[in-house]
Amino acid sequence: MVTEEDKIFAKNFKIDDLSDVPAGLPPHLKLKQNRVVSKKDASVDTADAIYSGSYVSSGVDNSVKLENFYEDFKVDVISCTETDMEFDMIGIDAAFANAFRRILIAEVPSMAIEKVLIAYNTSLIVDEVLAHRIGLIPIAADPRLFEYLTENDQPNEKNTIVFKLHVKCPKGQPRLQVLTNELQWLPNGSEFLKETGGSTSNSNSNSKPKTYTSFSCSQDSLPEFADNPITPTYLDILIAKLSPGQEIELEAHAVKGIGKTHAKWSPVGTAWYRMLPEVVLLGEVEDEKAERLVKVCPQNVFDIEDMGNGRKRATVAQPRNCTLCKECIRDHDLVDLVDLRSVKNHFIFKIESTGSLPPDVIFTEAVKILEDKCERVIADLS
Amino acid sequence: MFREIEYGQGFSLLLAPRQPKQNELGFKTQYNATSSSKNDAVTAKGRSREMEHGSFTNDKDASFTLAEEDHTLANAVRFMLNQDPRVTLAGYSIPHPSLECVNVRVQTTGDPAREVLKDACQELMLMNRHVRSVFDKAVSEFKVEQARLAAEEEEKKKAEEEEIKKQRDLLASMDIESD
């Protein structure tokens, strides 16, 4: 006879509720899936190909569904200043972390000097070396306010920034250092005149003479630049040194570009990530061994804990500082007691910006660029 | 409409947009990438932006050539493809580092490979949007917290300065009295 209670029990019964039915992967396989273990000679379990059917025989679904991603993904900002940023991304795969890193370095656009028009250079620095150095100077201008300058375009106020450098070391003075604070912004465009060969009578002799850029309005009038002129990010970078009597007169035109074309357009000094280190003591590390362990770690990961009776024990105090230098597992008696692991889906990102954009904006732009790539592929496939 | 375009080491291919070409073994090579407003069907160097190499009869296994792409997008797409339960094989390769193109191989359990690839890219886009929103929220919360801590520090400093001033005034008044 089947009672009502039995029916309700049968309806609500889930096999996972039974205490001895394993849910998910056994713990040793979970470790293999989630952690990279750094052994004495090499790292183990670094393979990341998370194929959805990997554990089909165990009955475990390995796919990272979008809903789970929405729940699990977290960002923790550790520090964020105008130039540097450190934050944690949890719940994401290495493929994405690397994609973001690659885009941060090579595909987020910024402004850098591309054309240098040299009128006069009697310094010791050769023209092309001087132009190369000027190209590498970081410029504090938001690239989102500018457009790309293609081959068919004229340089105008929407795609070019013009700087002037005119320094002369007077005779009788000591040697002069030319720093980036000598680069003056010209909001009205180029001042060097283009030579027109043989002006005819119906040419515009009473209109403005042609220069190397065609600015239709002054960049000063734009609200973003009205009160803060465009300057290089750092005003104390040494460009050249001049002896008495030497002079440099040049004009530098900055355009928008990406780091893939030339590293001067990279908006970050550098950007890198590491996985969160996890240091686990596999057994009790006591007394003399504990002292040795604490002393040997250069990053102060371990700490001594008193257990009473004058006995000491080592604990893991700051695992995040660990650089996986493996000093702690060099000794033969400590090698079985310490396990150095990295968490595969927890990334500590550091972004150092050169000043054109604050680092959090650079990261947002990088994610937008990856979205645009996906959109392009989808559009091409449809 | 046919266009003759130089491809790689001096080969020239007749491109018929959206008309698949059949080779000797009966496999098809279909050049896609209609010119939408965002991107041209053809890259700057004249190569078609996307090609599908597959079979006429069986469209569940195919290789896709994506031009002007590298590990950045390909590894992320490969990850998303692996997550899809319909996929039996997903991988990418870069034929030569000087040529900017990626070959993505997709084999499925029955669905057309192109649809599966499109779905993977779509999910990738959604994941990116989510990453962006979570990141923006975390940064703004952090900045608010920083501002709050800075304000607290300011108040503490002010309180300390006032204390010091008060003590100084007290001492000064005591000195006057003793004089």
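Residues numbered from 1 in each chain as written. Chains lettered and ligands numbered in written order. Predicted model: local features only at pLDDT ≥ 70, side-chain atom pairs only at ≥ 80, totals over all residues. Heavy atoms only, no water.

Peer 1: Can you lay out a nonpolar patch on the surface for me, pointing to particular residues and giving the numbers?
Peer 2: On the surface, A:F9, A:F13 and A:L18 cluster together into a nonpolar patch covering about 310 Å² of accessible area. Position of A:F13 relative to the elements: it lies in the loop between α1 (4–12) and α2 (27–34). (Patch = residues over 30% accessible without salt bridge, like charges linked within 9 Å, V, L, I, M, F, W, Y side chains within 5 Å. Areas by Shrake-Rupley, 256 points an atom, 1.4 Å probe, with all protein chains shown as cover. Salt bridge = Lys/Arg side-chain N within 4 Å of Asp/Glu carboxyl O. Helix = DSSP H or I, 4+ residues; strand = E, 2+ residues; numbered from the N terminus.)

Peer 1: Explain the packing of aromatic side chains to me, using residue names and the numbers behind them.
Peer 2: All told, the structure shown has 13 aromatic pairs over all chains when counted by the stated rule. Their ring planes at 70° and their centres at 6.0 Å tell us that A:W185 and A:F225 sit as a pair that is edge-to-face. Residue A:W185 is located in strand β8 (residues 184–185), and its partner A:F225 is located in the loop between β8 and β9 (238–242); the two are separated by 40 residues in the primary sequence. The same class applies to A:W185 and to A:F225, which are both buried. Between A:F363 and B:F135 the ring centres are 4.5 Å apart and the planes differ by 50°, which places this aromatic pair in the tilted class. Taken as a pair, A:F363 in helix α7 (residues 359–381) and B:F135 in helix α2 (residues 113–178) lie in two separate chains rather than in one. Given a relative accessible area of 0%, A:F363 falls into the buried group. An aromatic cluster is present here, built from A:F87, A:F100, A:Y273, A:F347, A:F349, A:F363 and B:F135 joined pairwise through their rings. The cationic tip of A:K256 hangs over the ring face of A:Y148; the distance from NZ or CZ to the ring centre is 4.7 Å. Between A:K264 and the ring centre of A:W265, over which it is positioned, the NZ or CZ distance is 4.8 Å. (Phe/Tyr/Trp six-rings, centres within 6.5 Å; stacked < 30°, edge-to-face > 60°. Buried < 20%, exposed > 50% of the residue type's maximum accessible area, 1.4 Å probe, protein only. Lys NZ or Arg CZ within 6 Å of the ring centre and 35° of its normal.)

Peer 1: If you had to explain the domain arrangement of chain A to someone new, which residues and values would you point to?
Peer 2: Residues and elements named next belong to chain A. Along its sequence, chain A is carved into domain 1 (33–54 + 69–108 + 267–381) and domain 2 (111–195 + 210–265). With 12 residues of domain 1 at the contact, the number on the domain 2 side is 14 residues. Counting the surface lost from both domain 1 and domain 2, the interface buries some 850 Å², and carbon and sulfur atoms represent 54% of this. Taken together, domain 1 and domain 2 are joined by two salt bridges. With a closest N to O distance of 3.7 Å, R144 and E365 form a salt bridge. Our count for the domain 1 to domain 2 interface comes out at three residue pairs in polar contact (both at pLDDT 80 or more). Within the residue set of the side of domain 1 that touches domain 2, elements represented by two or more residues are α4 (94–106) and α7. (Domains from an automatic or database assignment. Contact = heavy atoms within 4.5 Å. Buried area = accessible area lost by both parts, 1.4 Å probe. Polar contact = N/O pair within 3.5 Å; in protein donor to acceptor, adjacent residues only side chain to side chain.)

Peer 1: Describe the pattern of salt bridges, and please don't skip the residues or the numbers.
Peer 2: A full pass over the atoms with the stated rule returns 36 salt bridges over all chains. Residues A:E107 and A:K260 are paired through a salt bridge, measuring 3.7 Å at the closest nitrogen-oxygen approach. Highlighted residues: A:E107 in the loop between α4 and β5 (110–121) and A:K260 in the loop between β10 (247–257) and β11 (268–281), separated in sequence by 153 residues. Since its relative accessible area comes to 38%, A:K260 is described here as partly exposed. The residue A:K260 makes a salt bridge to B:E100 at a minimum N-O spacing of 3.6 Å. Taken as a pair, A:K260 in the loop between β10 and β11 and B:E100 in the loop between β7 (87–93) and β8 (101–108) lie in two separate chains rather than in one. Residues joined in a network through salt bridges with shared partners are A:R102, A:E107, A:K260, A:K373, A:R376, B:E69, B:D70 and B:E100.

Peer 1: If you had to explain the nonpolar core to someone new, which residues and values would you point to?
Peer 2: Ranked by internal contacts, the top residues of the largest apolar core, which has 64 residues, are A:F87, A:M89, A:F100, A:F363 and B:L81. Excluding residues that lie within four positions of it along the chain, A:F100 makes contacts with A:M89, A:I92, A:F349, A:F363, A:A366, A:V367, A:L370, B:N128 and B:V131. Among the nonpolar cores identified, the runner-up in size contains 26 residues, and A:A141, A:V167, A:C169 and A:L250 belong to it. (Core = buried A, V, L, I, M, F, W, Y, C linked by side-chain atoms within 4.5 Å.)

Peer 1: Mind laying out helix α1 (residues 71–83) of chain B, listing which residues take part and the relevant values?
Peer 2: Residue and element names in this part refer to chain B. Taking 1.5 Å of rise per residue, the 13 residues of α1 would be expected to cover 18 Å, and the 18 Å separating its terminal C-alpha atoms lies within 8% of that figure. In terms of burial, α1 is a largely internal element, 12 of the 13 residues being buried. Those residues of α1 that sit buried are T72, L73, A74, N75, A76, V77, R78, F79, M80, L81, N82 and Q83. (Expected span 1.5 Å × (residues − 1).)

Peer 1: Describe the sheet that holds β10(A), listing the residues and the values that go with them.
Peer 2: Across a sheet, strands are paired by hydrogen bonds formed along the backbone, either parallel or antiparallel in direction. Residues and elements named next belong to chain A. Judged by pairing direction, the sheet is antiparallel, and its four strands sit side by side in the order β5-β10-β6-β8 without closing on themselves. A single partner strand is all that each edge strand has here, and the edge strands are β5 and β8. Relative to β10, strand β6 (residues 161–168) runs antiparallel, the two being bridged by eight bridges. Counterpart to H166 in the pairing with β10 is E249. Strands β5, β6 and β10 of the sheet are contacted by helix α5 (residues 127–135), whose axis makes an angle of about 150° with β5. (Pairing = 2+ DSSP bridges. Axes fitted to C-alpha atoms, helices over the stretch in contact; angles between N-to-C directions.)

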